[in-house]
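Results of the structural survey
Residues per chain, in single letters:
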Amino acid sequence: QNADHGQIVVALIGDEATVKRLSKKNGEIWLLPENEAYSPIDGTYAQILLMVSTVSSLTILGMMDGVNYFYSSCADPEKREKYLSTIFCLQSVVSAVAGAVVMALPLLTAFENPEVKRLLVFAAALPFFQNIISMLQILLVCVGRAKLLAIRNLLISLVRLLVVVIVVMGSK
């Protein structure tokens, strides 16, 4: 549903719901708290995340399953390498084309947020990196490096948590 400036809305941010007052000014979207103890939430991040997750989902095209299948089912190392190179190359091309299309489409006018346009190159490149990382994670599991993958994911989660804590502590 659409909401107008000044209306109270329920917004999903990640996995959590929040109740805020919607502010639309100069194309920018903000979620404003009624309680002064909370900070406003910039809607630009949510708009970019929506574009990135949509493009990532559309461009992965089952290629993670292809990595798993061709790596696991092919005994010939040379053939297996060719399969994987083809899949990764195809994913790179699809992601690059999708990124260029996202930058060129009038889809952006739906947001009318000047900040989204400013961050467009970032938003267009992010699906490529997300999809390549997803395929590399599957490949690590296929080669028996699941423990390394778990440690890597734990370290990334800890760094993200540290960044959030620093930002929150710095904003008080």
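**Looking at the pattern of salt bridges**
Note on pairing: side chains with opposite charge can pair once their charged atoms come close. In the structure shown here, the tally under the stated rule is one salt bridge. Between Arg-21 and Glu-34 there is a salt bridge whose closest N-O contact spans 2.7 Å. Here Glu-34 lies in the loop between β3 (28-32) and β4 (41-42) and Arg-21 lies in strand β2 (residues 16-25), a separation of 13 residues in the sequence. Given a relative accessible area of 30%, Arg-21 falls into the partly exposed group.

**As for the sheet that holds strand β1 (residues 8-13)**
Strand order in the open sheet made by the four strands is β1-β2-β3-β4, with antiparallel pairing throughout. Each end of this open sheet is capped by a strand with a single partner; those strands are β1 and β4. Direction of pairing for β2 relative to β3: antiparallel, over a ladder of five bridges. In the sheet register, Arg-21 faces β3, and the bridge partner there is Leu-32.

**Re the packing of helix α2 (residues 63-73) against helix α5 (residues 120-142)**
Where α2 meets α5, the axes come as close as 9 Å, and the angle between the chain directions of the two elements is 25 degrees. The angle between α2 and α5 falls in the class roughly parallel. For the element pair α2 and α5, the recorded crossing hand is right-handed. Here Met-63, Met-64, Val-67, Asn-68, Tyr-71 and Ser-72 of α2 come into contact with α5, specifically with Ser-134, Met-135, Ile-138, Leu-139 and Cys-142.

**As for the nonpolar core**
Listed in full, the 10 residues of the largest apolar core are Ile-60, Met-63, Val-67, Tyr-71, Leu-84, Ile-87, Phe-88, Ile-132, Met-135 and Leu-139. Taken together, the elements giving at least two residues each to this core come down to α2, α3 (77-104) and α5.

**Some remarks on the state of the cysteines**
Linking two cysteines covalently via their sulfur atoms produces the bond known as a disulfide. Counting across every chain of the model gives zero disulfides. With no disulfide of its own, Cys-74 lies 12 Å from the sulfur of Cys-142, the closest cysteine sulfur. With no disulfide of its own, Cys-89 has Cys-74 as its nearest cysteine by sulfur position, at a separation of 18 Å.

**A few points about the side chain of Ser-23**
Within the secondary structure layout, Ser-23 lies in strand β2. Note on Ser-23: relative accessible area 5%, which makes it buried. For Ser-23, the contacting residues outside a window of four places in its chain are His-5, Glu-28, Ile-29, Trp-30 and Leu-32.

**So, unusual backbone geometry**
The residue Leu-61 is not glycine, and still its phi comes out positive at about 50 degrees. Looking at the secondary structure, you find Leu-61 in the loop between α1 (43-60) and α2. Look at Leu-61 and you get exposed, because its relative accessible area is 55%.

**A few points about the confidence of the model for the chain**
Averaged over all residues, the pLDDT of the chain equals 84, while 92% of them reach at least 70. Mean pLDDT in the chain bottoms out at helix α4 (residues 114-118), which sits at 73, and peaks at helix α6 (residues 146-171), which reaches 88.

**Focus: α2**
When we look at burial in α2, the residues that qualify are Met-63, Gly-66, Val-67 and Tyr-71. Summarising the axial view, the buried residues of α2 lie within an arc of 110 degrees, below the 170-degree limit, and thus occupy one face. Among the exposed residues of α2, those pointing more than 90 degrees away from its buried face are Asp-65, Tyr-69 and Ser-72.

**Description of the environment of Thr-54**
With respect to the helices and strands, Thr-54 occurs in helix α1. As for Thr-54 and Pro-127, which are separated by 73 residues in sequence, their C-alpha atoms are 8.7 Å apart.

Calculation rules
Residues numbered from 1 in each chain as written. Predicted model: local features only at pLDDT ≥ 70, side-chain atom pairs only at ≥ 80, totals over all residues. Heavy atoms only, no water. Salt bridge = Lys/Arg side-chain N within 4 Å of Asp/Glu carboxyl O. Helix = DSSP H or I, 4+ residues; strand = E, 2+ residues; numbered from the N terminus. Buried < 20%, exposed > 50% of the residue type's maximum accessible area, 1.4 Å probe, protein only. Pairing = 2+ DSSP bridges. Axes fitted to C-alpha atoms, helices over the stretch in contact; angles between N-to-C directions. Parallel < 35°, antiparallel > 145°, perpendicular 65-115°, else oblique. Left-handed = near helix turned anticlockwise from the far one by under 90°. Contact = heavy atoms within 4.5 Å. Core = buried A, V, L, I, M, F, W, Y, C linked by side-chain atoms within 4.5 Å. Disulfide = S-S within 2.5 Å. pLDDT = per-residue confidence, 0-100. Arc of directions from axis to C-beta.

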